[in-house]
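Below are the chains, spelled out letter by letter.
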Amino acid sequence: MKAKKILVAAVAAGALLLTSCAGTGGGSGEGEGGGGLIGVAMPTKSSERWIQDGDAVKAALEDQGYTVDLQYAEDDIPTQVSQIENMITKGAEALIIASIDGTTLSQVLQDAADAEIPVIAYDRLIRDSENVDYYASFDNFTVGQQQAWSVLNGLGLAELDGTPIDGAPEGPFNIELFAGSLDDNNAFFFFDGAMDVLQPLIDDGTLVVKSGQTDIEQVATLRWDGETAQSRMEDILTANYSDGTTVDAVLSPYDGISRGIISALTDAGYAVGEDWPIISGQDAELDSVKAIVSGEQYATIFKDTRELAQVAVDMAVALLNDEEPETNNTTDYDNGVKIVPSFLLDPVIVVKDNITQTLVDTGYWTEEEING
Ligand code: BGC
């Protein structure tokens, strides 16, 4: 193993020499510092949150004197695999990875393990590999419950913590369901959490899914793509709501999907006001926070990317110092090969009334960014 490490270091030194001769940099972020190189692989820049995650991880590592190779793969799996291969070749001492498809990294992670490089799964669990050392994320089942509670809150059925409201309207309410990408482990946690809350109300007739689409395979959205969600919503509206009935609520797992749903509704003639449905979301993306202010979206789930970045960085630094990273969950995240020790942060529901308290007072967005 030692020999391999030296070999990797030698290859890395050569690679560094080559890149400096050629005058090109491999990564988008090369910080200074004596702490060695850390590879950070992010899925895509097409969603704001991952840009914030990448920036926050890079800044926190550089603060501690590490050099950072931060890469985005634009949701292309082979690109992400080769970016991670490159990080290993360059001599990365640890890898922090937010995967695109959690099942496609087994070979590259074997290469990392052979070079004794610890791996931290960032936000999304990496599946089917024993070579994932730790997992930093949010309580993803709770995220799903919160998305459902926010929908019930908008319909007047429950408080934001899920407590039923006395004298609530009986309904029935028409609801349609969306889930995330099936290659992302989180999508299952979010949907399971949401259905844990919604299924009893579907069973007792308070909520009606007119499309009949309630299985995750039917409601999933590949790569969390907003346009894909928009066209599914258009199809649902045409097939099920052309008879004068209206959709009262839409469970959406992510702000980008919510924006697609909003476009479909607007195109179908819905207007914000009495008949506008209650729509959930996730990530507190700026455009969606604005949509909450304007009434198009009812709620989002705020997951503070700065806190997540700090947890992942602390894990990496602990491992590099031969210390044991702090965890708070060692039961829930089975990746198919092993249970990955995890640190889960608490997500927060954002609705119009608490935007200031949750997002402005915490410095995540400024008042001007939201209202300007
Ligand atoms: C993340 C969510 C995000 C989604 C789409 C999930 O893995 O946990 O925060 O909305 O990916 O990017």
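Basis of the calculations
The residue numbers shown here count from 1 along each chain, following its written sequence. The model is predicted, so local features are restricted to residues of pLDDT at least 70 and side-chain atom pairs to those at 80 or more, both for listing and for counting; the totals for chains, interfaces and linings are taken over all residues. Values shown for side chains rest on all heavy atoms present in the structure; no hydrogens or waters enter the calculation. A 1.4 Å probe that fits into a set of points on a 1 Å grid over the protein atoms alone but cannot get out defines a cavity; an open set with protein on both sides within 12 Å along at least five of seven lines defines a pocket, and lining residues are those with an atom within 4 Å of a point. Grid points are joined across faces, edges and corners, and a volume is the space filled by probe spheres set on the points. As a working rule, the residues Ala, Val, Leu, Ile, Met, Phe, Trp, Tyr, Cys and Pro are called nonpolar, Asp, Glu, Lys and Arg charged, and the rest polar, with Gly in that last group. Reported domain spans reflect what an automatic or database domain assignment gives. Salt bridge, as used here: a side-chain nitrogen of Lys or Arg that lies within 4 Å of a carboxyl oxygen of Asp or Glu. Helix and strand assignments follow DSSP, with helices taken as H or I runs no shorter than four residues and strands as E runs no shorter than two, numbered in order from the N terminus. When accessible area is computed with a 1.4 Å probe and restricted to protein chains, residues below 20% of their type maximum are described as buried, those above 50% as exposed, and intermediate ones as partly exposed. Fitted lines through C-alpha atoms give the axes, limited to the stretch in contact for helices. The angle between two N-to-C directions lies from 0 to 180 degrees. The cut-offs work like this: below 35 degrees is roughly parallel, past 145 is roughly antiparallel, 65 to 115 is roughly perpendicular, and the gaps in between are oblique. Take the far helix as the reference: if the near one is turned anticlockwise from it by less than a right angle, the crossing is left-handed, and if turned clockwise, right-handed. Every residue pair with non-hydrogen atoms within 4.5 Å of one another is taken to be in contact. To estimate the expected span of a helix, subtract one from its residue number and multiply by 1.5 Å. Whenever a nitrogen or oxygen atom comes within 3.5 Å of another N or O atom, the pair is scored as a polar contact, on the condition that within protein one atom can donate a hydrogen and the other can accept it, and that pairs from neighbouring residues in sequence are kept only if both atoms are in side chains. Two strands make a pair as long as DSSP finds a minimum of two bridges between them. Whether two aromatic rings pair depends on their centres lying within 6.5 Å, for rings of Phe, Tyr and Trp, where Trp uses its six-membered ring; planes under 30 degrees apart make the pair stacked, over 60 edge-to-face, and the rest tilted. Note: pLDDT gives the predictor's confidence per residue, expressed from 0 to 100.

A look at the layout of surface pockets
(1) Moving on: Taken as a whole, the second largest pocket spans an internal volume of roughly 350 Å³.
(2) Moving on: Along the walls of the second largest pocket sit 24 residues, with Trp50, Arg124, Arg223, Trp224 and Tyr254 positioned nearest its centre.
(3) Moving on: Its residues assigned to classes, the lining of the second largest pocket shows five nonpolar, seven polar and 12 charged.
(4) Moving on: In terms of domain composition, the lining of the second largest pocket takes at least three residues from each of domain 1 (1-132 + 304-346) and domain 2 (140-302).

Observations regarding the pattern of salt bridges
(1) Moving on: A full pass over the atoms with the stated rule returns 10 salt bridges.
(2) Moving on: When the shortest N-O distance is used, the salt bridge between Arg49 and Asp123 registers 3.2 Å. Here Arg49 is found in helix H2 (residues 48-63), whereas its partner Asp123 is found in the loop between strand S4 (119-122) and strand S5 (134-138), with 74 residues between them in sequence. Like Arg49, the residue Asp123 is buried in the burial classification.
(3) Moving on: Salt bridges sharing partners connect three or more residues here, namely Arg49, Asp53, Asp123 and Lys303.

Points about empty space enclosed by the protein
(1) Moving on: Using the criterion set out here, one finds one cavity of 30 Å³ or more in the structure.
(2) Moving on: Here the largest cavity defines a volume of roughly 40 Å³.
(3) Moving on: Taken together, Gln147, Phe178, Ala179, Gly180, Ala187, Phe190, Phe191, Ala194, Leu251, Ser252 and Pro253 form the lining of the largest cavity.
(4) Moving on: Per-element tally for the lining of the largest cavity: the top contributor is helix H6 (residues 185-203), with four residues.
(5) Moving on: When the residues that make up the lining of the largest cavity are grouped by side-chain class, the tally is eight nonpolar, three polar and no charged.

What about the packing of helix H5 (residues 140-154) against H6?
(1) Moving on: Where H5 contacts H6, the two axes come as close as 7 Å, and the packing angle between them is 40°. Classified by the interaxial angle, the pair formed by H5 and H6 is oblique. Note that H5 runs across H6; the crossing there is right-handed. Between H5 and H6, the contacting residues are Asn140, Phe141, Val143, Gly144, Gln145, Gln147, Ala148, Trp149 and Leu152 on the first element and Asn186, Phe189, Phe190, Asp192, Gly193, Ala194, Asp196, Val197, Leu198 and Leu201 on the second.
(2) Moving on: Its residues assigned to classes, the contact of H5 with H6 shows 11 nonpolar, six polar and two charged.

Details of H6
(1) Moving on: Its 19 residues give H6 an end-to-end C-alpha distance of 26 Å, which sits within 8% of 27 Å, the value for a rise of 1.5 Å per residue.
(2) Moving on: Among the residues of H6, the N-terminal cap falls to Asp184, whose side-chain oxygen and the backbone nitrogen of Asn186 are separated by 2.9 Å.
(3) Moving on: One or two residues past the end of H6 sits Gly205, with phi positive at roughly 85°.

Regarding the pairing of strand S11 (residues 342-345)
Two faces, one strand: in a regular strand the side chains alternate between the faces of the sheet.
(1) Moving on: Residues of S11 alternate between two faces, with Ser342 and Leu344 on one and Phe343 and Leu345 on the opposite face, all of them buried.
(2) Moving on: The pairing of S5 with S11 spans four bridges and is classified as parallel. Bridge pairing in S11 places Ser137 opposite Leu344.

Some thoughts on the packing of aromatic side chains
(1) Moving on: Within this structure, the stated rule accounts for six aromatic pairs.
(2) Moving on: Ring geometry for Phe302 versus Tyr364: centroids 4.6 Å apart, planes at 65°, classification edge-to-face. One end of the pair, Phe302, is in strand S10 (residues 299-302); the other, Tyr364, is in the loop between helix H12 (355-360) and helix H13 (367-371), and 62 residues separate them in sequence. Across this residue pair, the class does not change: Phe302 and Tyr364 are buried.
(3) Moving on: Both rings, one in Tyr364 and one in Trp365, keep their centres 5.5 Å apart while their planes meet at 75°; by these two values the pair is edge-to-face. Accessibility assignment for this pair places Tyr364 and Trp365 in one class, buried.
(4) Moving on: Aromatic rings pair up to connect Tyr135, Phe189 and Tyr333 into one cluster.

Observations concerning the environment of Thr358
(1) Moving on: Counting through the fold element by element, Thr358 comes out in helix H12.
(2) Moving on: The exposure class assigned to Thr358 is buried, which follows from its relative accessible area of 8%.
(3) Moving on: As for Thr358 and Phe302, which are separated by 56 residues in sequence, their C-alpha atoms are 7.9 Å apart.
(4) Moving on: Setting aside chain neighbours within four positions, we find Thr358 in contact with Phe302, Val348, Ile349 and Val350.
(5) Moving on: Among the polar contacts made by the side chain of Thr358, one reaches the main-chain carbonyl oxygen of Asn354 at a distance of 2.7 Å.

Remarks on the confidence of the model for the chain
(1) Moving on: Residue-level pLDDT values for the chain average 92, and 91% of them are 70 or greater.
(2) Moving on: Contacts from residues 1-33, a stretch scored under 50 in pLDDT, to residues over four places away or in other chains number 40 contacts.

Points about the sheet that holds strand S3 (residues 94-97)
(1) Moving on: With parallel pairing, six strands are arranged side by side in an open sheet as S2-S1-S3-S4-S5-S11. Lying at the two open borders of the sheet, with one neighbouring strand each, are strand S2 (67-72) and S11. The average undirected angle you get between the axes of adjacent strands in this sheet is 15°.

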